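Topology and contacts: notes
Residues per chain, in single letters:
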Amino acid sequence: MGEIKPLRLALTKGRLEKQCRRLLSESGYNCSALDNPGRRLIHALPHLSKQLSPLEGILAKAPDVITYIEHGVCDIGVAGKDTIIEQGGSFYEMLDLKLGVCRFALATPGGQDFFGGMDTKCVATKYPNVARRFLGSNPARIIKIEGSVELAPLLGLADAIIDIVETGDTLRANGLVPIQDIHTISARVIVNVAAWKLRRNEIESFLDEVKKAVG
């Protein structure tokens, strides 16, 4: 029998990657190659029992994880629901890892009413697609901000922000109050459409082990 072809797994860099490594280790994968990745970009993650297909791990920015999955150069990916909602794409969302749990929320200075009055309001956000869908037919203007969106109301640029809220500390420190939750966010496993057809048994085995680790 020939050597089993690894499943290629794209992980979002940073804190999420570290949390995913714990789950992968508990699922029986040897993740030591990620301890000191150096300049290597693809990392072998064998399964200790050798009963499951080995993985090749790739560390990427969240939007790139989705790009790699959509184009089929990676079979499986882990990305935040925030990126999935904002970017969209053609793939299967298979599993909620219950990591990095937070939420999208609409926040205003001092908790002011955003929807009252006749004036056209302005929303600052890093996630214009999320904002657009949430606001629907509301005529509010949307301004995309790459950095700290909390600055926009402080500078008089926006009446509200739509952003990810975890503890709410940054909002409180800048006098902003969440007035409406929009969507719960956590890390999700996504799978390439063709890979699911061609390597479904292997991917299902991977998902089953990860599910046990998630508990």
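Attention in this report is confined to the structure presented alongside it. (Residues numbered from 1 in each chain as written. Predicted model: local features only at pLDDT ≥ 70, side-chain atom pairs only at ≥ 80, totals over all residues. Heavy atoms only, no water.)

Another point: the pairing of strand S6 (residues 102–109). Counting buried residues in S6 gives six out of eight residues, a clear majority hidden from the surface. Bridge analysis of S6 against strand S10 (residues 176–185) gives eight bridges, and the strand direction is antiparallel. Opposite threonine 108, over in S10, you have valine 177 as the bridge partner. Judged from the five bridges that link them, S6 and strand S9 (residues 160–165) form a sheet pairing that is antiparallel. Of the residues in S9, the one forming a bridge with arginine 103 is valine 165. (Buried < 20%, exposed > 50% of the residue type's maximum accessible area, 1.4 Å probe, protein only. Helix = DSSP H or I, 4+ residues; strand = E, 2+ residues; numbered from the N terminus. Pairing = 2+ DSSP bridges.)

Positive phi, normally seen in glycine, also occurs at lysine 50, with a value near 65°. Tracing the sequence through the fold places lysine 50 in the loop between strand S2 (42–45) and strand S3 (55–60). With relative accessibility at 68%, the residue lysine 50 sits in the exposed group. Backbone geometry at lysine 98 places phi at a positive 55°, although glycine is not the residue there. Note on lysine 98: relative accessible area 56%, which makes it exposed.

Considering all chains together, one arrives at 14 salt bridges under this definition. Its salt-bridge partner being arginine 8, residue glutamate 56 comes within 3.0 Å of it at the nearest N-O pair. With glutamate 56 in strand S3 and arginine 8 in strand S1 (residues 7–12), the pair connects residues that are 48 residues apart, well separated along the chain. Taking relative accessible area as the criterion, glutamate 56 reaches 22% and is therefore assigned partly exposed. Taking the relative accessible area as the measure of exposure, arginine 8 reaches 27% and is therefore partly exposed. For glutamate 209, the salt bridge goes to lysine 212, with nearest N and O atoms at 3.2 Å. Taken as a pair, glutamate 209 and lysine 212 lie in helix H8 (residues 200–214) at a separation of three residues, close to a single helical turn. (Salt bridge = Lys/Arg side-chain N within 4 Å of Asp/Glu carboxyl O.)

All quantities given are derived from atomic positions and should not be read as evidence of function.
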